[in-house]
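Chains, contacts and geometry: an overview
Read off the chains here:
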Amino acid sequence: MKEVFKGLPNYSVIELLYLFNGAIANENRIYLLGRIHKDNVKDSKIKKRVLMYQRDNPLERQLTVVTTLLGYTDIDCEMSYYPEEQCFLSSTGGKRCIIRGSEVISDNDEQNASITKMRLIGKREYAPSSTRRVFYRDNDGKHQLLGEGQAYQNYDTYDRPFDEDDEPDVIAMITEDGFEDVDGFDENHIYAVGGHGDVWRYSDSLWTQCGFPANLGLENVCCGEDGLVYISGLEGMTYVGIEDNWTALKNPELSLPFKDVAWYDGKVWATSDYGTWWITPNGIMDANIPDEVKVCSGRLHKNAGMLLLVGLGGAALLENDEWQLLFNYSEFMP
């Protein structure tokens, strides 16, 4: 399989990077995140670079470095189209960066949200929070709290330690692990998951808690075009259903939870650093994809009719039922 980036004049901008995330902006633009190779150095001390692949540009400008980030750890990235097309990067250390095209329009932008992960639903970016909140980016590009009815909104105590005088439900709320992922059928039908079997559904401006049959640490949620919701947790254990009705799927023994899940081409795709899987109502199976693509497993992003795989092995793009290998790191390995 031919490597797309290797034929570009400025291929050297990616040679020194371990890729770890990415986002599809539109049919011609893809962002990739990479960390500069360094051993025995804290992640917060390692420089990260944001690359842009603009495939309708002349060859010498198709692959460029947008910016170099300092002090960013565990970066997630997602697109948003309000107030305009932008790539939003968020770090667990509180640093945030907003990119428009090839221009950084805000670095370390202050937002009123504690973000753990981001997801594109419709044309907006949504973010689950460690304090059992869900935010969305409004038309001014700011994060706003989504909806009413979640347990945390009954108290002004979620951001403080509990004490012996607290009621049991307040203690449970404060110690809750928080939401890890969010997805939706549309902007009025959204699910958020996290904690231990903590599943919530958003509709008509209200959140309601769903009954869930397992006290399982939840990591991922995907709302499929088949009208079903797929929820995964530790060791890849996955349930499928809707509202209060859930069925456990047969799954292989996995040592890690999935990093990302997304509906594409009639099924749920799931990835971790160890591989890529397909999830259907009948169970979980290894994805039947080329070996050159499988080594790119890590993070997953779907948008503009395409699917992007990004991992330490490189990056690959699925479009019109055909895989394109963007970058293969194996040639740099000893």
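Here's what I pulled together on the structure shown here. The structure displayed is predicted, hence computed values, not measured ones.

1. What about the overall build of the protein?
Summing up its helical and strand segments, the protein has 3 helices and 28 strands in all. Expressed as a percentage of the 334 residues in the protein, the buried residues total 55%. When contacts within the protein are restricted to residue pairs at least 6 apart in sequence, those whose partners lie at least 24 apart make up 45%. By element, 45% of the accessible surface of the protein is carried by carbon and sulfur atoms, the whole surface being about 14900 Å².

2. So, the sheet that holds strand β27 (residues 314–319)
What the 4 strands build is an open sheet, ordered β25-β26-β27-β28; its pairing is antiparallel. Either end of the sheet is taken by a strand with one partner, and the two such strands are β25 (299–303) and β28 (322–328). Adjacent strand axes in the sheet meet at a mean angle of 15°, parallel and antiparallel pairs treated alike. As judged from the 5 bridges shared by β25 and strand β26 (residues 306–311), these two strands associate in the antiparallel manner. What sits directly across from Arg299, in β26, is Val310.

3. Regarding the pattern of salt bridges
Opposite charge on two side chains lets them pair, provided their charged atoms get close. All chains considered together, the criterion is met by 17 salt bridges. The closest approach of N and O atoms between Arg100 and Glu103, which form a salt bridge, is 3.0 Å. Connected through shared salt-bridge partners, Asp76, Lys117, Arg119, Asp181, Asp183, Asp260 and Arg299 make up one network.

4. Re the nonpolar core
Counting 22 residues, the largest nonpolar core has Phe5, Ile14, Leu32 and Leu308 as the members making the most contacts within it. For this core, the secondary-structure elements that each account for two or more residues are α1 (12–15), β1 (17–24), β2 (29–36), β3 (48–54), β26, β27 and β28. Not counting chain neighbours up to four residues away, the residues in contact with Ile14 comprise Phe5, Leu19, Leu51, Leu63 and Phe327.

5. Notes on the sheet that holds strand β24 (residues 283–286)
Across the sheet, 4 strands lie side by side as β21-β22-β23-β24; this open sheet has antiparallel pairing. Since the sheet does not close on itself, it has two edges, and those belong to β21 (260–264) and β24, each with one partner. Across the sheet, the mean angle separating the axes of adjacent strands is 30° when strand polarity is ignored. The pairing of β21 with strand β22 (residues 267–272) spans 5 bridges and is classified as antiparallel. Of the residues in β22, the one forming a bridge with Trp263 is Val268.

6. Remarks on unusual backbone geometry
Trans is the prevailing form of peptide bonds, just as negative phi is the prevailing case for residues other than glycine. In the segment running from Tyr82 into Pro83, the intervening peptide bond is cis, with an omega of 0°. Within the element layout of this structure, Pro83 appears in the loop between β5 (76–80) and β6 (86–90). Positive phi values are uncommon outside glycine, yet Glu243 reaches one of about 55°. A relative accessible area of 36% means that Glu243 is categorised as partly exposed. Residue Ala304 is not a glycine yet carries a positive backbone phi of 55°. Here Ala304 shows up in the loop between β25 and β26. Accessibility expressed as a relative area gives 38% for Ala304, which makes it partly exposed.

7. Describing the environment of Lys38
Structurally, the position occupied by Lys38 is in the loop between β2 and β3. Residue class for Lys38 comes out exposed when judged on its relative accessible area of 52%. Separated by 20 residues in the primary sequence, Lys38 and Tyr18 place their C-alpha atoms 9.9 Å from one another.

8. Digging into the packing of aromatic side chains
What the rule picks out here adds up to 14 aromatic pairs. By the ring-pair criterion, three or more aromatic residues cluster together here, those being Tyr11, Tyr18, Phe327 and Tyr329. Its end group placed over the ring of Phe20, Arg35 keeps NZ or CZ at 4.4 Å from the ring centre. Positioned above the aromatic ring of Tyr82 is the side chain of Arg124, whose terminal nitrogen or guanidinium carbon lies 3.9 Å from the ring centre.

Rules behind the numbers
Residues numbered from 1 in each chain as written. Predicted model: local features only at pLDDT ≥ 70, side-chain atom pairs only at ≥ 80, totals over all residues. Heavy atoms only, no water. Helix = DSSP H or I, 4+ residues; strand = E, 2+ residues; numbered from the N terminus. Buried < 20%, exposed > 50% of the residue type's maximum accessible area, 1.4 Å probe, protein only. Contact = heavy atoms within 4.5 Å. Areas by Shrake-Rupley, 256 points an atom, 1.4 Å probe, with all protein chains shown as cover. Pairing = 2+ DSSP bridges. Axes fitted to C-alpha atoms, helices over the stretch in contact; angles between N-to-C directions. Salt bridge = Lys/Arg side-chain N within 4 Å of Asp/Glu carboxyl O. Core = buried A, V, L, I, M, F, W, Y, C linked by side-chain atoms within 4.5 Å. Phe/Tyr/Trp six-rings, centres within 6.5 Å; stacked < 30°, edge-to-face > 60°. Lys NZ or Arg CZ within 6 Å of the ring centre and 35° of its normal.

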